[in-house]
Amino acid sequence: YLDWNAYARLERLYVKLFHQEADLAVHLILDASASMGCGESPPEKKFLLARRLAAGLAYATLANFDRAGLMTLGGRPALTRLPARGRGQVRRLLGLLDELSPAGEPDPVRELSRCAALQRRPGVAILVSDMLDPRLQEGLRVLQHHRHEIWCLHILSPEDRGEGLEGELELVASESGRTRAVSATPSVLEAYRRNVGEFRASLETFCRERRIGRRD
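Keep in mind that what you see is a predicted model, and the values were worked out from it rather than measured.

Asks: Please explain the environment of Leu165 as it appears in this structure.
Replies: Within the element layout of this structure, Leu165 appears in the loop between strand 5 (149-154) and strand 6 (167-172). C-alpha separation for the pair Leu165 and Thr185, spaced 20 residues apart in sequence, amounts to 9.2 Å. Those residues in contact with Leu165 that lie beyond four places of it in its chain are Glu159, Ala184 and Leu189.

See the structure below:
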């Protein structure tokens, strides 16, 4: 831009050039649906890990002078906080995460579409989830369509992986409440663990093909 102060002193026009660093907007998306509350004793240990991951990422982002926001898929209360920076944002996000509990059966495609529509420019979107809702993959496609860089942090409890299960069990679907009696015989557990392995391999393939970062 024209440096009018220099013009006033020297009566010559000078153009001042500068380089502005573009800050990064990090969108933390936390799966807070009812399935995230299932797992080891205490019941919310899986969700506790998810909240700690989100808190650590928020702190690291803000410490780097970038902007961090938080959105939950489900949860009590459901949250949407647009990316911002500063010490106040650290306190706000950590306080919200501390009070959050898993609940509900959200529509991830609708919620992630809403998240994408709120953002004025692309950023980094980090999803922390057990990925048990198959619609989450379509939701990630929506975010990619809006040119966000996507990361998926995949969290499964030992029970999700079929560990520590034996005998006669009554399984309860955390989000629908439906029940099913199951005899956890060795052959049943072997089949279940094989399905879990296929599910994880399918998710890995999806992320690799879409160039989505993934950690579990």
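Asks: Mind showing me how you'd approach a positive patch on the surface here?
Replies: Together, Arg81, Arg87, Arg91 and Arg92 line one region of the surface with positive charge. With three residues, the top contributor of residues to the positive patch is helix 3 (residues 87-99). Locating Arg91 in the fold gives a position in helix 3.

Asks: So what exactly am I meant to see when it comes to helix 3 here?
Replies: The α-helix advances 3.6 residues per turn, and as a result positions three or four apart in sequence lie on the same side. In this model, helix 3 (13 residues) spans 19 Å end to end at C-alpha, consistent with the 18 Å of a helix rising 1.5 Å per residue. Inspection of helix 3 places Gly88, Gln89, Val90, Leu93, Leu96 and Leu97 among the buried residues, and these make up the whole buried set. Here the buried face of helix 3 lies against strand 1 (25-32), helix 2 (45-63), strand 2 (67-74) and strand 3 (80-84).

Asks: What's the story with the packing of helix 2 against helix 3 in this structure? I'm lost.
Replies: Pairs of packed helices are described in terms of their axes, by the angle between the two and the distance that separates them. Direction vectors running N to C along helix 2 and helix 3 enclose 175 degrees, while the axes themselves pass 10 Å from each other. It follows that helix 2 is roughly antiparallel to helix 3 by the angle criterion. Of the residues in helix 3, those touching helix 2 at Arg51, Ala54, Ala55, Ala58, Tyr59 and Leu62 are Gln89, Val90, Leu93, Leu94, Leu97 and Asp98. A class-by-class count of the residues in the contact of helix 2 with helix 3 yields nine nonpolar, one polar and two charged.

Asks: Which parts of the structure should I look at to understand empty space enclosed by the protein?
Replies: If a probe the size of a water molecule is rolled over the atoms, the empty space left behind becomes visible. Across all of its chains, the model carries one cavity of 30 Å³ or more by this definition. The space that makes up the largest cavity amounts to roughly 70 Å³. What lines the largest cavity is a set of 13 residues, and nearest its centre among them are Leu70, Met71, Arg81, Cys115 and Gln119. Across the lining of the largest cavity, the residue classes break down as eight nonpolar, four polar and one charged.

Asks: Looking at this model, I keep getting lost on the confidence of the model for the chain. Mind explaining?
Replies: Caution applies to low-pLDDT regions: their predicted coordinates should not be interpreted in detail. When pLDDT is averaged across the chain, the result is 86; 87% of the residues are at 70 or more. The secondary-structure element of the chain with the lowest mean pLDDT is helix 1 (residues 4-10), recorded at 61, while strand 4 (residues 124-129) shows the highest, at 96.

Asks: Whenever I open this one, the nonpolar core confuses me. Can you help?
Replies: In summary, soluble globular proteins display a tendency toward joint burial of nonpolar side chains. Core analysis: the biggest nonpolar cluster contains 24 residues, and Leu30 and Leu70 have the highest contact counts within it. Looking at this core, the elements with two or more residues in it are strand 1, helix 2, strand 2, helix 3 and strand 4. Among the elements that take part in this core, helix 2 stands out by supplying six residues, more than any other. Those residues in contact with Leu70 that lie beyond four places of it in its chain are Leu28, Leu30, Leu79, Thr80, Arg81, Leu93 and Leu97. Grouped together as the second largest cluster of nonpolar side chains are 18 residues, Ala116, Ala125, Cys152 and Cys207 included.

Asks: Sorry if this is basic, but what is going on with unusual backbone geometry here?
Replies: Trans peptide bonds make up most of the peptide bonds, and negative phi angles are found at most residues other than glycine. For the bond from Arg76 to Pro77, the omega torsion is 0 degrees, close enough to zero to count as cis. Examined against the element boundaries, Pro77 turns out to sit in the loop between strand 2 and strand 3. Even without being glycine, Phe65 reaches a positive phi, approximately 65 degrees. For Phe65, the position within the fold is in the loop between helix 2 and strand 2. Even without glycine at this site, Met131 takes up a positive phi of about 60 degrees. In this fold, Met131 is placed in the loop between strand 4 and helix 5 (135-145). With relative accessibility at 3%, the residue Met131 sits in the buried group.

Analysis parameters
- Residues numbered from 1 in each chain as written.
- Predicted model: local features only at pLDDT ≥ 70, side-chain atom pairs only at ≥ 80, totals over all residues.
- Heavy atoms only, no water.
- Helix = DSSP H or I, 4+ residues; strand = E, 2+ residues; numbered from the N terminus.
- Contact = heavy atoms within 4.5 Å.
- Patch = residues over 30% accessible without salt bridge, like charges linked within 9 Å, V, L, I, M, F, W, Y side chains within 5 Å.
- Areas by Shrake-Rupley, 256 points an atom, 1.4 Å probe, with all protein chains shown as cover.
- Salt bridge = Lys/Arg side-chain N within 4 Å of Asp/Glu carboxyl O.
- Lys, Arg positive; Asp, Glu negative; His and termini not counted.
- Charge placed at Lys NZ, Arg CZ, Asp CG, Glu CD.
- Expected span 1.5 Å × (residues − 1).
- Buried < 20%, exposed > 50% of the residue type's maximum accessible area, 1.4 Å probe, protein only.
- Axes fitted to C-alpha atoms, helices over the stretch in contact; angles between N-to-C directions.
- Parallel < 35°, antiparallel > 145°, perpendicular 65-115°, else oblique.
- Nonpolar A, V, L, I, M, F, W, Y, C, P; charged D, E, K, R; others polar.
- 1 Å grid on protein atoms, 1.4 Å probe; cavity = no way out; pocket = protein on both sides within 12 Å on 5 of 7 lines; lining within 4 Å.
- Points joined across faces, edges and corners; volume = space filled by probe spheres on them.
- pLDDT = per-residue confidence, 0-100.
- Core = buried A, V, L, I, M, F, W, Y, C linked by side-chain atoms within 4.5 Å.

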